[in-house]
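Structural overview for review
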Amino acid sequence: MIIPLLLVGILGLAFGSFASVIIHRLHIQDPYLFSGRSRCPQCATTLGWRDLIPIVSFLINKWQCRFCKQPISLRYPLLELAMAGTFVLTGILIGLESFPWLLFYLYIAFTFVSLRLYDLLLQEIPDRLVIPPLLITIIGMLWTEKIPMP
């Protein structure tokens, strides 16, 4: 059970990194919300793979951009860790046996953690982050008579 939960935690780190990109791009109203390469928010240099490893890149680069040397906000690794912890907790509560339901709940967890951070940072909740999980939840409820609860 430890190895699957470790994998779920690593998945959470990756999705935490992805959430930080989405939050930043939503805030600056970037038309390429889900596409395009990651860039430094200060110098706009396109980041390489070694700059995008959750937590590890932050520590190796000593909390700063490798190119412009500007500090990187602590919110990025904290969001990655929060998402990893939430994913692991979701895996424990839902169980790893029902993989489709685990994916469903991980998606919901991803959405709520992302929404919470966006709200904390900007005191608003964009419809673009609320409507898709709402529709997916409704479809999930219509697809089955009962959504398993922990």
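Every value quoted in this text rests on a predicted model; they were computed, and no experiment measured them.

A few points about the overall build of the protein
On a plain count of helices and strands, the protein comes out with 5 helices and 0 strands. Start at the N end of the protein and walk to the C end: the helices and strands fall as α-α-α-α-α. For the protein, the C-alpha atoms occupy an extent of roughly 55 × 35 × 25 Å along the three principal directions. The 150 residues of the protein split such that 36% are buried. Pairs at least 24 apart in sequence give 55% of the contacts found in the protein among residues at least 6 apart. Averaged over its 11 positive side-chain charges, the protein has a centre that lies 13 Å from the centre of its 8 negative ones.

Focus: the nonpolar core
Counting 17 residues, the largest nonpolar core has Ile22, Leu26, Leu79, Met83, Phe87, Phe110 and Leu129 as the members making the most contacts within it. For this core, the secondary structure elements donating two or more residues are helix H1 (2–27), helix H3 (75–94) and helix H4 (99–122). Per-element tally for this core: the top contributor is H4, with 7 residues. In this view, Met83 contacts Gly12, Phe15, Gly16, Ala19, Ala109, Phe110, Val113 and Ser114; residues no more than four positions away in its chain are not counted.

About the cut-offs
- Residues numbered from 1 in each chain as written.
- Predicted model: local features only at pLDDT ≥ 70, side-chain atom pairs only at ≥ 80, totals over all residues.
- Heavy atoms only, no water.
- Helix = DSSP H or I, 4+ residues; strand = E, 2+ residues; numbered from the N terminus.
- Buried < 20%, exposed > 50% of the residue type's maximum accessible area, 1.4 Å probe, protein only.
- Contact = heavy atoms within 4.5 Å.
- Lys, Arg positive; Asp, Glu negative; His and termini not counted.
- Charge placed at Lys NZ, Arg CZ, Asp CG, Glu CD.
- Core = buried A, V, L, I, M, F, W, Y, C linked by side-chain atoms within 4.5 Å.

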